[in-house]
Amino acid sequence: MVFSSLIFLYAFFSLSLLTYSLCRSQKQQNTVLLIFSLMFYAWGEPKYVFLLMFMAFTSWACALAVQHAPAKGTKQLWVLLAAVIDIGLIGYFKYAGLICSIFGEVPDVIRGIALPIGISFYTFQLLTYVVDVYRGDAPAQKNYWNVLLYAALFHQCIAGPIVRYKTIDHDLFSGEPRQPQWHIGVSRFCGGLAKKVLLANPCGALAETLILSESALSDAAQFAANAEALGSLSVMGAWLGIAAYSLHIYLDFSAYSDMAIGMGRMLGLHYLENFNYPYISRTVTEFWRRWHMSLGTFFRDYVYIPLGGSRCSVLRSVGNTFLVWALTGLWHGASWNFVCWGLWFFLFLMLERLFLKKLLEKLPLISNLYLLVVVMLGWVIFRCTNLELGWILVKSLFGANGNPLTSFTTQIHFDSNRYLLLICILASTPLMKRLRGTCEAFAHRHGFLGKVWDVAFYSILPVILLLLSTACLVGDSYNPFIYFQF
């Protein structure tokens, strides 16, 4: 079940809100949240609910043992046990095939393993919980069901942001009445829904038309046909396709974060921001401070810094960075192209650390163009699980396949989608947010205009966006979500 589906919008989520609103205590509210979260997670594959429950149980037990252990060494052993269990399980379900491929043919039994939805997200959340208890940053939760609720919250369980226990503990378990922010939550949710349905989906469809679907690219039987299609694509067609994909993956993923944050606000829960307009960055370093921020801070705080960070020898610091970016790539998928994608960014981070960042700071326009080219080429690696096809697409971007500069088909696609692309580009910058802030400040300085603005922005506009999104969902079968595979 995806957030941008009619059954979620008008059945599951509506029913969960209604039931939640009838509760009189935080304990009752948490019970309702847990039941609906497990129902949501079980929608795709019921048996994997037990995997989630087991991993939550081991993390709960290990965290309690950490808190009551008499010596530091014993505490570390309990943390290690939790890490071995969690990483071992995600390793089996997500990476067994990749590991087997290193040594030869992948057995059919391994090929048949289905990836549990959201396992990358809730594994990291449970790990941070145990580590934070060890560090003294959070108290161990005595109630197992509370740990399960923290890991299973359906708002962000399958798509993030990665929520740390210490940031949500008070909202969930303080016993104090929650303060729902309906106007902010509804506005944020409907805005995210519209971003997904009205902007991200059309961009994804355009990308698939020009540079093929991900399923086609990963189909070995279609390799020859795919190679010919990508190799004969015009230069402008290749850039248009990868630009559409770049917009799609940002708008799609950030829309889910917006919807998760909005749903949380409706219930009085505060999830941290996950995106901050990454495409306006001027360096790769800045890009990764703005893109999927909860993942970046996880690797920084729980991998990079514990390994020594940059407070060690140059060689070790480079090794630490290399490991983080190899793991970042692997987190996104059990395929070598994802590892290459992570190391692609590692390469440019090292270049920026050496000399490139100082040079780019003096060239603002060129630095942003540099960042966009680096990221877009990275998305080629990310999209093409077959690296040979990825290389063919890269060559098409620069006319190295003998492909034409443009074509009639490319022109048709551009003319048909020029306004969509313009709106998507604007949505990927803070321009509209700043304009809204300016208008809101002006309206609130003039009494009655402020009330009109609040009604229009927080009541009328969300309804319009919801209706437009619903109309598109009714007649459109194209509604994928990229990050479900992670």
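Residues numbered from 1 in each chain as written. Predicted model: local features only at pLDDT ≥ 70, side-chain atom pairs only at ≥ 80, totals over all residues. Heavy atoms only, no water.

Caption draft 1: Region of the structure containing the side chain of Asp 169. With respect to the secondary-structure elements, Asp 169 resides in helix α8 (residues 165-173). Arg 178 provides the closest opposite charge to the buried, salt-bridge-free Asp 169, at an N-O distance of 9.5 Å. The residues touching Asp 169, leaving out its near neighbours within four places in the chain, are Pro 139 and Ser 174. (Helix = DSSP H or I, 4+ residues; strand = E, 2+ residues; numbered from the N terminus. Buried < 20%, exposed > 50% of the residue type's maximum accessible area, 1.4 Å probe, protein only. Lys, Arg positive; Asp, Glu negative; His and termini not counted. Salt bridge = Lys/Arg side-chain N within 4 Å of Asp/Glu carboxyl O. Contact = heavy atoms within 4.5 Å.)

Caption draft 2: Representation of a nonpolar patch on the surface. Residues Ile 99, Ile 102, Phe 103, Trp 336 and Leu 387 make up a contiguous nonpolar surface patch of roughly 560 Å² in combined accessible area. For the nonpolar patch, the leading source of residues is helix α4 (residues 72-103), giving 3 residues. Topologically, Phe 103 is positioned in helix α4. (Patch = residues over 30% accessible without salt bridge, like charges linked within 9 Å, V, L, I, M, F, W, Y side chains within 5 Å. Areas by Shrake-Rupley, 256 points an atom, 1.4 Å probe, with all protein chains shown as cover.)

Caption draft 3: Quick look at the side chain of Asn 337. The residue Asn 337 is located in helix α16 (residues 336-361) in this model. Residue Asn 337 is classed as buried on the basis of its relative accessible area of 0%. Polar side-chain contacts of Asn 337 include one of 2.6 Å to the side chain of Ser 335. Once residues within four sequence positions are removed from consideration, Asn 337 is found in contact with Ile 381, Phe 382, Arg 383, Cys 384, Thr 385 and Leu 387. (Polar contact = N/O pair within 3.5 Å; in protein donor to acceptor, adjacent residues only side chain to side chain.)

Caption draft 4: Spatial organisation of the nonpolar core. Within the largest apolar cluster, 148 residues are counted, with the highest numbers of intra-cluster contacts made by Phe 8 and Trp 379. Sorting elements by how many residues they give to this core places helix α12 (residues 235-267) first, with 16 residues. Among all residues touching Phe 8, those that are not within four sequence positions of it are Met 1, Val 2, Phe 3, Phe 13, Ser 14, Phe 40, Phe 154, Phe 189 and Met 263. (Core = buried A, V, L, I, M, F, W, Y, C linked by side-chain atoms within 4.5 Å.)

Caption draft 5: Focus on the packing of aromatic side chains. Tallying each qualifying case throughout the model produces 56 aromatic pairs. Judged by centre distance (5.7 Å) and plane angle (85 degrees), the ring pair of Phe 287 and Trp 288 falls under edge-to-face. A relative accessible area of 9% means that Trp 288 is categorised as buried. When the centroid spacing of 5.4 Å and the interplanar angle of 90 degrees are considered together, the rings of Trp 341 and Phe 345 count as edge-to-face. Of this pair, Trp 341 and Phe 345 both sit in helix α16, separated by 4 residues, roughly a single helical turn. Given the relative accessible area of 0%, Phe 345 is considered buried. Across from the ring centre of Trp 331, 5.5 Å away, lies the NZ or CZ of Lys 94, which sits over that ring. (Phe/Tyr/Trp six-rings, centres within 6.5 Å; stacked < 30°, edge-to-face > 60°. Lys NZ or Arg CZ within 6 Å of the ring centre and 35° of its normal.)

Caption draft 6: Broad picture of α4. An ideal rise of 1.5 Å per residue puts 46 Å on 32 residues; α4 reaches only 39 Å between its terminal C-alpha atoms. Listed in full, the buried residues belonging to α4 are Val 79, Ala 82, Asp 86, Leu 89, Ile 90, Gly 91, Phe 93, Lys 94, Tyr 95, Ala 96 and Leu 98. Of the surrounding secondary structure, the elements contacted by the buried residues of α4 are α3 (48-68), α5 (108-111), α6 (119-135), α15 (314-332) and α16. Gly 104 lies just past α4 and shows a positive phi near 145 degrees. (Expected span 1.5 Å × (residues − 1).)

Caption draft 7: Molecular detail of the packing of helix α7 (residues 144-152) against α8. Look at α7 against α8: their axes get within 11 Å of each other, and the N-to-C directions meet at 115 degrees. In the packing of α7 onto α8, the handedness of the crossing is right-handed. For the pair α7 and α8, the contacting residues are Asn 146, Leu 149 and Tyr 150 in the first and Tyr 165, Ile 168, Leu 172 and Phe 173 in the second. Taken together, the residues of the contact of α7 with α8 break down into 6 nonpolar, 1 polar and no charged. (Axes fitted to C-alpha atoms, helices over the stretch in contact; angles between N-to-C directions. Left-handed = near helix turned anticlockwise from the far one by under 90°. Nonpolar A, V, L, I, M, F, W, Y, C, P; charged D, E, K, R; others polar.)

Caption draft 8: Representation of the environment of Asn 274 within the structure. Mapping Asn 274 onto the fold places it in the loop between α12 and α13 (284-290). Residue classification places Asn 274 among the buried residues on the basis of a relative accessible area of 0%. Sequence separation between Asn 274 and Met 263 is 11 residues; the distance between their C-alpha atoms is 15 Å. Among the polar contacts made by the side chain of Asn 274, one reaches the side chain of Ser 257 at a distance of 3.3 Å.

Caption draft 9: Inspection of the pattern of salt bridges at higher detail. All told, the structure shown has 10 salt bridges when counted by the stated rule. Note that Asp 258 and Arg 188 form a salt bridge whose closest N and O atoms lie 3.0 Å from each other. Taken as a pair, Asp 258 in helix α12 and Arg 188 in helix α9 (residues 182-211) lie far apart in primary sequence, 70 residues in all. Between Asp 252 and Lys 196 there is a salt bridge, with the nearest N and O atoms lying 2.5 Å from each other. Within this pair, whereas Asp 252 is found in helix α12, its partner Lys 196 is found in helix α9, the two being separated by 56 residues in sequence. The pair formed by Asp 252 and Lys 196 is uniform in burial state, with each residue classed as buried. Among the ionic contacts, a cluster of salt bridges with common partners joins Arg 188, Lys 195, Asp 258 and Glu 273.

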